[in-house]
Structures are given as structure tokens and as C-alpha cells.
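# Analysis of the macromolecular model
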Amino acid sequence: MAQKGFELIQGAFCCPICVDLLKDPVLTPCGHSYCKECIKAHWDSETVEGTYSCPLCRQTFPTQPDLLNSIFLATLVEELRIGRDVPADHLYAGPDDLACDICTGRKLRAAHFCLVCLISFCRIHIRPHVESPAYKKHKLVEPSEKLRENICSHHNELRKMFCRTDQQLICYLCSVEEHKGHVTVSAEAETTEKQKELDTGRKTLQERIEVLEEELKVLRAENEAVNRWAGKTAEDVEEILTGMISDVKQKVRSEQEGQLSQLKELQEQVGQEITELKRRDAELKVLSHTEDHIRFLSAYTSLPGLAQATALRRPPGCFEGVTSAVSELRDKLQEVLKQEWTSILPTQVEAPLSEPKIREDFLKHFCQITLDPNTANQWLLLSEDNKSGTLMRTAESYPLHPDRFSDWHQVLSTKILTGCCYWEVEMTGCGICVAVSYKNIRRAWRSPESGFGLNDKSWTLNCYNGIYDFWHNNIRTPVSGPRSSTVGVYLDHNAGSLFFYSVSENTTTLLHRVQTTFTQPLYAGLGFLCYETTAEILTYEGPEEEDEEEE
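Residues numbered from 1 in each chain as written. Predicted model: local features only at pLDDT ≥ 70, side-chain atom pairs only at ≥ 80, totals over all residues. Heavy atoms only, no water.

Below, the discussion takes up the confidence of the model for the protein. For the protein, the average pLDDT comes to 80, and 85% of its residues sit at 70 or higher. The low-confidence segment residues 1–7, where pLDDT is below 50, has 10 contacts with residues more than four positions distant or belonging to other chains. Below a pLDDT of 50 lies the segment residues 544–551, which in the model reaches 16 contacts outside its immediate sequence neighbourhood of four places, other chains included. (pLDDT = per-residue confidence, 0-100. Contact = heavy atoms within 4.5 Å.)

Here's what the structure looks like:
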């Protein structure tokens, strides 16, 4: 019975001419479906020229009609073609399948689900939704049992609302009944809002990833530097020790040659003495055999006396002392490496705080500073000489630049601050930040990587309505001192010293000092805390130090 039903379905999509499943199905003006090639071949074979008729209803057309491609039929036929060899039972809904809500009796497997009708459709009963303009706005999705979870069990309505109070999806009727008085929005609006939060969170994550990737690059560079310097040091040490070994060997060889030369001379001396003694022994032997007493006695009394043997001065010949000395040197080197290794490695020597005492001493290190327009936030208006900036309520039309602070009302200087530098900032308004910063401080988004003092790349003294506080690495330190519209900054980069002063006439009062190790060149920075606030970097007409290198 099931197989017969499947065959009936197949028959509805067969071409009346070739009696096979439609291939490239087309519709005639009378509404019948044929294979495109079949109907064209039929019309080409018409016996009466200029006569075109439908093989089924025999309706005639004066000219060959335009054929309309049926995309819907093509889709269904292709699915039937694929399922031709599939048992009919497989086309019906099983225990784990979502069944068509329109089918009666044994239900076919659902192929679509309408989010408006809240009904599932098989491939046969979905046809009105595809062909009729009345269903044009209905949204069809893939069928799934999870879709049933989006339908309110109390009102059998799609849960299109979101209750922010209870943080759950609800239907419209729930919003006016159980959730009456709660903050409710459409699911689409809540999704849009959550998407924004998600995008913001992703941007924060991406920024953090960028920061960590930069840190990773630095660590990799440091890793390469460690390998490079360790290799170079090992080569240098090996060269030094090899040279020392070569010198010791050379000295041993030289001593060896000297001693061998002495031994050779001694050998020759001893040989000559042996030869002379053998000659005399031969003469004595002949004399001992003389029988003439007179001759014997005469010869004997004239014999020279035997010389006393002299002791030979031999070279030392033993090199154990050299071996002992080298062994002792090795032991001392190992002891040094074991106990004093950290003192051998180069370390940062902590420099004493270097602080001028009077303003005249500060002015000896006065540094002429200008602001960099490429770093200025778009809400900052810089003066023509780039010595001052004002926080405006309207944005400036600055060109895009990777160094520009996009959100924080900040600007950096053009000059690189190295050695000893002193400068003064005068404020007009409510509040400013007087800062120093590395160049690689982040420029985009309101995050700890961007604001002066909120990261480990900048140090800032905030001045707000006469109240001071110091910020570094997102740590606040309250600062007390006399109120003044002018702040002086003294930097000794090499010593790692940074001082902030309250300046009034010729009096400088220390507000805060920092002792650290600066690992990069620094730039002066200004931040603005209130609109219509102006900060100006003052100039000094006295003798200037030689300009530092500028970017």
C-alpha cells in the first residue's frame, strides 16, 4: 500500500510524452508540464505547419508558445529521482523524524517548517507556500524538533518576545499576562542588542589578542636575542679559553725545547768525558804491562792526576707544576661560576635619584617640546605652533592616521625624551593629565592599553580642580601639594627618575617622584579631562641644550 502511494506520487511528476520523470520541466500556456526536449520534439513533428497543440488537452496555439521553466517542479523531480531506488517506507516520518502536519493517515517526513504558520510541511504540501503570493512573507526553515521548543506551551504561539527582567524568551500573550510589567522587547531587538555586546566583547578580545601577539613577538625577539648573545658569549669564552690553552701549550713547548737543548749539551759533555777517560784507561793499561821498572816509574810519576767528577746540572724535566696550576685555575673558575654567576651577568645598576634643587637648575635642562598633530584626538584643537591644545565640543577634520588616539582625549609630543629633560605645562580650565609614555601605547578603543596611566607604558599626574593623583599601570596614588596652574616635569631617563612639581613663580614644590627602569625612549603627553580646557607647553627663552633626536 505504501509502495503504491509512492508510485502515485511519482506518476504526478512524469512527462506525458516520454512517461518518465520530468527532465528540465517546463509549463505550457495551458498549464501542463512536459520535458523541455519532449515538447519541442513533439511540436517539431507536427504534420500541419504552423500548428502547435498540447498533447494532453489538444489546445492549439497559432505560434510556438513560450515555455516557462518550473524551478519548483525541477526540485521535486530531482528529489524523486534520487529517491526512486529508496524504499517508500523511508519517505515517511520515523520515530525520530518531524512529520508533516498536513498529511493524513501515515505522514510523510517534514521537509520545511513555517515560522509564521508554526506548521511543518512535507515536499508535497509545501507547494502552496512556494507558489502562492499569499505566503510570500512566510519564512521557511529546516525542520527540527528543537523548533517546537520555540513555541509557547501555554498559548501555542511563537516566542517572539524577550523578557529582560526574567531573561527568557516569551510569546506576545505572555508579555501581557504572566510577564506584565516586566521589561520586554522583541527577540529581534534583543538579538541586535546582544549582538552589539558580542561585537564589543569580540573587539576587546581581538585587541587583547593583538596586545598578546605583540608581546609574543617581543618575547620571541628576546628569545632570539638570548640565543644570539649566549652563542656569541660562548664563542667568545671558547676563543678566550682556546687562546689561553694555546698560550699554555706554547709555553710548555718552549720550555720543552729549552730543556731538550740543555740535555743535548749535557749529553755531548758526558760523551766527550767518557771518550777522554777511555783513552787514558788505554794508556794506563799499556803502562801496567811494562816490565822495565825504570820506564814504568818514570812514566807513572809523570801521569796527570784524575780530575774529580763534577755534578751535572740537569733541567727540571717535570711539568706537574703546570698541570697543578691549570687544575687550580679550573677549580677557581668553577667556583666563580657557581657562587658569583649573577654578579657576572650584566644587570641594571640602580642609579641614585638625581634631582635639581632650584628652578634655575631645572631650566638648565629645559626641553622645547611641540605636540604631534598625527597623534591628536579628533576632539582636540591644536594651536598653529603645536604648543597647546584645547578640548572642543566639536570634532576636528583630522586625516586618518595609525598614530592618532581614536577615543581618549590625548596627544603625544614629536620629540623623543632621552637623558635629562625638563618642561612645564600650564592649564586653563578644570583638568588635564601631564604624562610621559612609550611610543607603543595603544591608540584605539577605551581600554587599559590606551589611556595615560592605565597601563605599564605610561606615567601620568592628573590635575583636576586643584586635586592631584598619580596613575601608572591602572594603579592610583593620591598626591598632595600646593595648587598651581603650572606643572613642571623633570625626567632623567638614564637614571630611571621622573619628578612632578607644582610651579609658582620661581618656586618648585615636589608633588610626586618615580624611580623605575625605562626600557624605551619616552614622549611627553597631554590628556584632557574637561571640555573647553586648554593645556600649553611653555617655552623658555634661555640657553637651550642641544636638541635631542626627533622622529
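Within this structure, the stated rule accounts for 8 salt bridges. A salt bridge links Lys-194 to Glu-190; the nearest nitrogen and oxygen atoms lie 2.1 Å apart. Linking Lys-194 with Glu-190, this pair stays in helix α6 (residues 187–288), spanning 4 residues, or about one helical turn. Residue classification places Glu-190 among the buried positions, given a relative accessible area of 5%. A salt bridge links Arg-393 to Glu-532, with the shortest nitrogen-to-oxygen separation between them at 3.7 Å. Highlighted residues: Arg-393 in the loop between β13 (388–391) and β14 (410–412) and Glu-532 in the loop between β23 (522–528) and β24 (534–537), separated in sequence by 139 residues. Given a relative accessible area of 46%, Glu-532 falls into the partly exposed group. When salt bridges that share partners are traced, they join Arg-164, Glu-190 and Lys-194 into one network. (Salt bridge = Lys/Arg side-chain N within 4 Å of Asp/Glu carboxyl O. Helix = DSSP H or I, 4+ residues; strand = E, 2+ residues; numbered from the N terminus. Buried < 20%, exposed > 50% of the residue type's maximum accessible area, 1.4 Å probe, protein only.)

Strand order across the open sheet formed by 6 strands is β14-β23-β16-β17-β18-β19, with antiparallel pairing between neighbours. Each end of this open sheet is capped by a strand with a single partner; those strands are β14 and β19 (475–479). Taken pair by pair, the neighbouring strands of this sheet meet at an average axis angle of 20 degrees, ignoring direction. (Pairing = 2+ DSSP bridges. Axes fitted to C-alpha atoms, helices over the stretch in contact; angles between N-to-C directions.)

A cluster of acidic side chains, namely Glu-384, Asp-385, Glu-426 and Glu-536, defines a negative patch on the protein surface. Relative to the assigned elements, Glu-536 resides in strand β24. A relative accessible area of 35% means that Glu-536 is categorised as partly exposed. (Patch = residues over 30% accessible without salt bridge, like charges linked within 9 Å, V, L, I, M, F, W, Y side chains within 5 Å. Areas by Shrake-Rupley, 256 points an atom, 1.4 Å probe, with all protein chains shown as cover. Lys, Arg positive; Asp, Glu negative; His and termini not counted. Charge placed at Lys NZ, Arg CZ, Asp CG, Glu CD.)

Let us look at the packing of aromatic side chains. Following the criterion strictly, the structure yields 11 aromatic pairs and no others. Judged by centre distance (4.7 Å) and plane angle (65 degrees), the rings of Phe-362 and Tyr-501 are edge-to-face. Here Phe-362, found in helix α10 (residues 359–363), pairs with Tyr-501, found in strand β21 (residues 497–504); they are 139 residues apart in sequence, far enough to count as distant. With a relative accessible area of 0%, Phe-362 lands in the buried category. You can call Tyr-501 buried: its relative accessible area is 2%. (Phe/Tyr/Trp six-rings, centres within 6.5 Å; stacked < 30°, edge-to-face > 60°.)

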